[in-house]
Amino acid sequence: MNKRTKAAAALLAAAAVTGGIAVWYCAAPRQKEPEFVFSYAENQTEDYPTTLGAQKFAELVEERTDGRIRILVYAEGVMGTEHDVIEQMQYGGIDFARVSLSQLAEYIPELNVLQMPYLYTDSAHMWRVLDGEIGDMFLEEVSGSELVGLSWYDAGARNFYSSSQPISCLEDIAGMKIRVQESELMADMVEALGATAVPTGYADVYSSIERGIVDGAENNWPSYEAMSHYEVARYYTVDEHTRVPEMQLCSAHTWEKLSEEDRQIIRECAWESALYERELWTERETESRRIATEHGTQVIELSAEEKKRFQNAVMGVYEKYCGGQMDLIERIIEEGDAGEETVQQEAQ
Ligand code: GCU
């Protein structure tokens, strides 16, 4: 199936399910009929933190609108790839979604600045940026498009993993074929490390590694575990090259149908669901690492010197993607320093 056919099939499936629900409501007269039934696309498994966050969001919205707004969460990528979903949202074919910033930045390139390699020192640093002025500014930036940015979800740090030999130094990754998200920035980053980037949809990563189309990939612990990538790529190198946050979105077409009061409720519920997702995320990271290592994953911690070499190798991509935004990069780095100062003051 090509991209368009897949997207059309996903839409038909959603319409069929929504239609089915309407019939069910007719058969149960005492149940109050919702004024709106919206779709929500999610490409992760049912028990994944972002999917549970989406379900929490749907529950909160239904509760606080007294059942007037119902949101149906379609997980496991049934509504198409993240690219399909973003495109459909732009003309109102899908109402809500949670997507990786890497995919969204293909449509709104200014967002790349938030996912540059080795940008954040740690998770706390990233949250200081996203929960502060800079994060708010970018949620607004997205809202200038056909989409409305609602909240930030966690997706931890991404690391490399490989099938036939471990990656312990730059020389190991050089020449490898590495799956990357369908993102120009991510492809350039991997090529700067001397590897060949192979952009591939998330659902096809397992088979690409299994069939030897790629030698490895890169992702966070929960994705590596939830998609069973550890079965085909047992060397996992903790280099934390990127933190790619995720955004909850609403289609601007859907947004226009809502009253100011409902928009406010949706924003609040999105924010609360994000806090819930972030908690689940931290637990799942530990759990996923445990599961993977129990199944034989060999963890390679990159030495400090080697990490520096990786960092130096990718510096060129800053010039290409953030040439006009270096002041913003500096502000983001300062947020990291501010955090360190606070930690030092607290320790005194
Ligand atoms: C993460 C992210 C997904 C994305 C995936 C990928 O798992 O949560 O939304 O599709 O990375 O590597 O493609």
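That block above? That's the structure.
As the structure is a computational prediction, the values presented were derived from the model and not from experiment.

**Description of the overall build of the protein**
Within the protein, the secondary structure is distributed over 15 helices and eleven strands. When the 348 residues of the protein are sorted by exposure, 43% land in the buried category.

**Remarks on the nonpolar core**
Counting residues in hydrophobic clusters, the biggest one holds 81 residues, and the most contacted among them are Y40, I71, A97 and L249. For this core, the domains that each give at least three residues are domain 1 (3–155 + 245–287) and domain 2 (157–243 + 297–347). Apart from residues no more than four positions distant in its own chain, L249 is found in contact with M89, F96, A97, V99, L147, V148, G149 and L150.

**Quick look at unusual backbone geometry**
Positive phi, close to 55°, is recorded for Y118, a residue that is not glycine. Relative to the helices and strands, Y118 is located in the loop between helix 4 (101–104) and helix 5 (123–130). Positive phi values are uncommon outside glycine, yet E240 reaches one of about 45°. Within the fold, E240 resides in strand 9 (residues 235–243).

**Brief notes about the pairing of strand 9**
With respect to burial, strand 9 is a largely interior element, eight of its nine residues being buried. Alignment of strand 5 (residues 157–162) against strand 9, held across five bridges, turns out to be antiparallel. Paired with R158 across the two strands is T242, which belongs to strand 9.

**What about the site of the ligand?**
In the neighbourhood of the ligand, the contacting residues comprise N43, E82, S100, A155, Q181, Y202, N219, S223 and E246. Residues lining the shell around the ligand come from more than one domain, with at least three contributed by each of domain 1 (3–155 + 245–287) and domain 2 (157–243 + 297–347).

**Quick notes on the pairing of strand 4 (residues 147–153)**
Extensive coverage of strand 4 is indicated by the burial of seven of its seven residues. Taken together, the six bridges between strand 4 and strand 10 (residues 246–251) define a ladder with antiparallel strand orientation. Its bridge partner lying in strand 10, W152 is registered against M247.

**Points about helix 2 (residues 49–64)**
Note: α-helices contain 3.6 residues per turn, so residues at a spacing of three or four share the same orientation. Over its 16 residues, helix 2 extends 22 Å from the first C-alpha to the last, a length consistent with the 22 Å expected when each residue adds 1.5 Å. Taken from the residues just after helix 2, D66 is the one with a positive phi, measuring 50°.

**Comments concerning helix 6 (residues 133–142)**
Inspection of helix 6 places G135, F138 and V142 among the buried residues, and these make up the whole buried set. Considered in projection along helix 6, the buried side chains sweep an arc of 65° and stay on one side of the axis. Summarising the geometry of helix 6, the exposed residues directed more than 90 degrees from the buried face are E133, M137 and E140.

**Quick word on the packing of helix 2 against helix 12 (residues 260–294)**
Between helix 2 and helix 12, whose axes approach to 8 Å, the crossing angle comes to 150°. On the basis of the axis angle, helix 2 is roughly antiparallel to helix 12. In this structure, the crossing between helix 2 and helix 12 has a hand that is right-handed. When helix 2 is examined against helix 12, the residues P49, T50, L52, G53, K56, F57, L60, V61 and R64 are found in contact with a partner set consisting of I265, I266, C269, A270, E272, S273, A274, Y276, E277, L280, W281 and R284. Looking at the contact of helix 2 with helix 12 residue by residue, the class counts come to 13 nonpolar, three polar and five charged.

**Re the sheet that holds strand 10**
The five strands lie next to each other as 2-1-3-10-4, forming an open sheet whose pairing is mixed. In this open sheet, the two edge strands, each paired with only one partner strand, are strand 2 (69–74) and strand 4. Averaged over neighbouring strand pairs, the angle between their axes works out to 25° when direction is ignored. One ladder, built from five bridges, connects strand 3 (residues 96–100) with strand 10; its direction is antiparallel. When the bridges of strand 10 are listed, F96 appears paired with C250. Across the face of the sheet, helix 2 comes into contact with strand 1 (36–41), strand 2, strand 3, strand 4 and strand 10 while running at roughly 165° to strand 2.

**What to know about the environment of I108**
With respect to the helices and strands, the residue I108 is situated in the loop between helix 4 and helix 5. We classify I108 as partly exposed; it has 17 C-beta atoms within 10 Å. Separated by 34 residues in the primary sequence, I108 and V142 place their C-alpha atoms 7.4 Å from one another. Those residues in contact with I108, other than ones at most four positions away along the chain, are E141, V142 and S145.

Definitions and cut-offs
Residues numbered from 1 in each chain as written. Predicted model: local features only at pLDDT ≥ 70, side-chain atom pairs only at ≥ 80, totals over all residues. Helix = DSSP H or I, 4+ residues; strand = E, 2+ residues; numbered from the N terminus. Buried ≥ 20, exposed ≤ 12 C-beta atoms within 10 Å, placed from the backbone. Core = buried A, V, L, I, M, F, W, Y, C linked by C-beta atoms within 7 Å. Domains from an automatic or database assignment. Contact = placed C-beta atoms within 7 Å. Pairing = 2+ DSSP bridges. Near = placed C-beta within 6 Å. Expected span 1.5 Å × (residues − 1). Arc of directions from axis to C-beta. Axes fitted to C-alpha atoms, helices over the stretch in contact; angles between N-to-C directions. Parallel < 35°, antiparallel > 145°, perpendicular 65-115°, else oblique. Left-handed = near helix turned anticlockwise from the far one by under 90°. Nonpolar A, V, L, I, M, F, W, Y, C, P; charged D, E, K, R; others polar.

Nothing here speaks to function; it is geometry throughout.
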